[in-house]
Amino acid sequence: MTVNVSMNALRDSKSISVSDTTVTIKGWVQDIRNLGGISFLILRDRFGTIQVTMPKKKIEPELFDSLTTLSRESVISITGEVKASNQTELGLEVIPSSFESYSDAFVPLPMGVIDKVNVEMDTRLNNRFMDLRKPEIRAVFELKSIMTGLLNEIMTANGFVNVFTPKIVDSGAEGGASLFKVDYFGKQAYLAQSPQLYKQMLMSTGLDRVYEIAPAFRAEHSNTNRHVTEFVSFDGEMSWISSQSDVMNMIENIVNKLLIGLKEKGKEQLSILGKDINVPEIPYPVLTYSECLRMLASEGMHLKEGDDLGTEGEKLIGDLMSKKGYELYWISEYPEVEKPFYIMEKEGTSYSFSFDLDFKGQEISSGGQREHRYEKLVERMKKKGLDPDNFASYLDAFRYGMPPHGGWGIGIERMLVKMLDLPNVREAILFPRDLSRLSP
Ligand code: ATP
């Protein structure tokens, strides 16, 4: 009897019980080694490889020739007998009796899957389907999937409702320069930079805790290792807060549970990547923006009050915090000029009730308490040079009863690459979009 098994099931059987069974296994031809009297074909699927062993004398010549001349990465099925083997890591090998080819791979390959050569990021991204055949590349995306699964669990347990807000919108929230224009039946529309305005409008509905994990679009004109034009944003908004600390506590709890969960559920992927996840203690230390300016000045970097900390500033703060043993920390109370109109001002000062969560010297999240008072909100819009008439439907939600509220946006990919110490946000995006890349 022939058993049609997945390679993983066969691997799990740990050889002995299936020894001498005839099986059919399917996968990609990873490698073929011809050693004269014996040849080996390494068949790979999502979970790993199995060795197909071909002693020349014991295999039909025609079958031997067909198998040993297959091109690498062709997709085939092989039927054969499972034998215990002390020569392979799995303790088993398959001796083929027949095979079927589903798809012959063209030669040469655009890039190797197992070759130990450094392939340029551009070549990898141009051939992402091939790049993703490497287990260590795929592991990042499996972790990303585990991550969003965990977030759904954690948010539901905290009473948040999963919402889906429009991605084609008539106004932006995060500044005009980074809006992508869309021709919407002759009208000017944009791709959503964030769900900001909608999640705030929802605070006036009684859905007092909402979250969304969805794409956000930014026409970023700079080419950096942390900016892309389409990323996945994990946004949350919650009502009835007393101060921004309520939001910060919530984020700390979510991130803490997420890291613990990933460490456990992502064990296999982390081991493929040779990484572990550190779970910093909560609460995370809080630095105010002004403290950061002083820390930077003491290192010879002199910024003026109101200046953006910038990539270099954030990095330097990260180095200083790392020396104190902190990977995750808050930077709070930014100058209000630096923050969008919807952020609440700290009255009587030039600061705001805002915060960033930084991870190893890079911002992964920003948030704050929002301005929920209609008049003040309109005032802030005008101060930022925005026309309130362009935000009429958003503002309506503030005219008929709006609870105090606050929230955040976390870049899923930025968080993942920082967690895994990967060099570029693109490592966590299947098909990245940036200034020069729209394909594949
Ligand atoms: P930065 O100053 O680093 O460009 P930002 O202040 O524009 O970020 P926010 O508008 O506060 O970012 O967005 C919230 C989060 O979304 C950021 O902390 C980051 O994790 C993520 N994010 C924002 N823009 C991008 C981008 N272009 N590519 C990838 N992630 C992004």
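Anything mentioned here points back to the structure above.
Quick caveat: nothing in here was measured; it's all calculated off a predicted structure. (Residues numbered from 1 in each chain as written. Predicted model: local features only at pLDDT ≥ 70, side-chain atom pairs only at ≥ 80, totals over all residues. Heavy atoms only, no water.)

## Remarks on the sheet that holds strand β10 (residues 187-191)
Next, step 1: Read from one edge of the open sheet, three strands run β8-β10-β9, paired in antiparallel fashion. Every interior strand has two partners, whereas the edge strands, β8 (168-169) and β9 (181-184), have only one.
Next, step 2: Relative to β10, β9 runs antiparallel, the two being bridged by four bridges. Counterpart to lysine 181 in the pairing with β10 is tyrosine 190. (Pairing = 2+ DSSP bridges. Helix = DSSP H or I, 4+ residues; strand = E, 2+ residues; numbered from the N terminus.)

## Structural notes on the nonpolar core
Next, step 1: Phe234, Ile251, Val255, Leu262 and Trp408 are the most contacted members of the largest nonpolar core, which has 46 residues in total.
Next, step 2: Counting residues per element, the ones that place at least two in this core are α5 (135-157), β12 (230-239), α7 (244-265), α8 (267-273), β14 (328-332), β15 (354-359), β17 (405-411) and α13 (412-419).
Next, step 3: Examining the composition of this core, we find that eleven residues originate from one element, α5, more than from any other.
Next, step 4: Those residues in contact with phenylalanine 234 that lie beyond four places of it in its chain are Leu151, Met155, Tyr211, Glu212, Ile213, Ile254, Trp408, Gly409, Ile410 and Ile412. (Core = buried A, V, L, I, M, F, W, Y, C linked by side-chain atoms within 4.5 Å. Buried < 20%, exposed > 50% of the residue type's maximum accessible area, 1.4 Å probe, protein only. Contact = heavy atoms within 4.5 Å.)

## Section: α13
Next, step 1: Counting buried positions along α13 yields eight of eight residues, so the element is predominantly enclosed.
Next, step 2: The complete set of buried residues in α13 reads Ile412, Glu413, Arg414, Met415, Leu416, Val417, Lys418 and Met419.
Next, step 3: Those residues of α13 that are buried lie in contact with α5, β12, α7, β15, β16 (362-369) and β17.
Next, step 4: In the stretch just after α13, aspartate 421 is the one whose phi turns positive, near 55°.

## Points about the sheet that holds strand β13 (residues 286-288)
Next, step 1: Read from one edge of the open sheet, eight strands run β7-β11-β12-β17-β16-β15-β14-β13, paired in mixed fashion. Since the sheet does not close on itself, it has two edges, and those belong to β7 (161-162) and β13, each with one partner.
Next, step 2: Relative to strand β11 (residues 209-217), β7 is paired through two bridges, and the arrangement is parallel. Within the sheet, the bridge partner assigned to valine 161 lies in β11 and is valine 210.
Next, step 3: Sheet contacts for helix α9 (residues 289-298): β13 and β14; angle to β13, the most-contacted strand, approximately 80°. (Axes fitted to C-alpha atoms, helices over the stretch in contact; angles between N-to-C directions.)

## Re the side chain of aspartate 358
Next, step 1: Here aspartate 358 is to be found in strand β15.
Next, step 2: At 6.9 Å, arginine 226 is the nearest oppositely charged side chain to aspartate 358, a buried residue that forms no salt bridge.
Next, step 3: Not counting the four nearest positions on each side in its chain, aspartate 358 is found in contact with Glu314, Glu327, Leu328, Tyr329, Ile331, Glu363 and Ile364. (Lys, Arg positive; Asp, Glu negative; His and termini not counted. Salt bridge = Lys/Arg side-chain N within 4 Å of Asp/Glu carboxyl O.)

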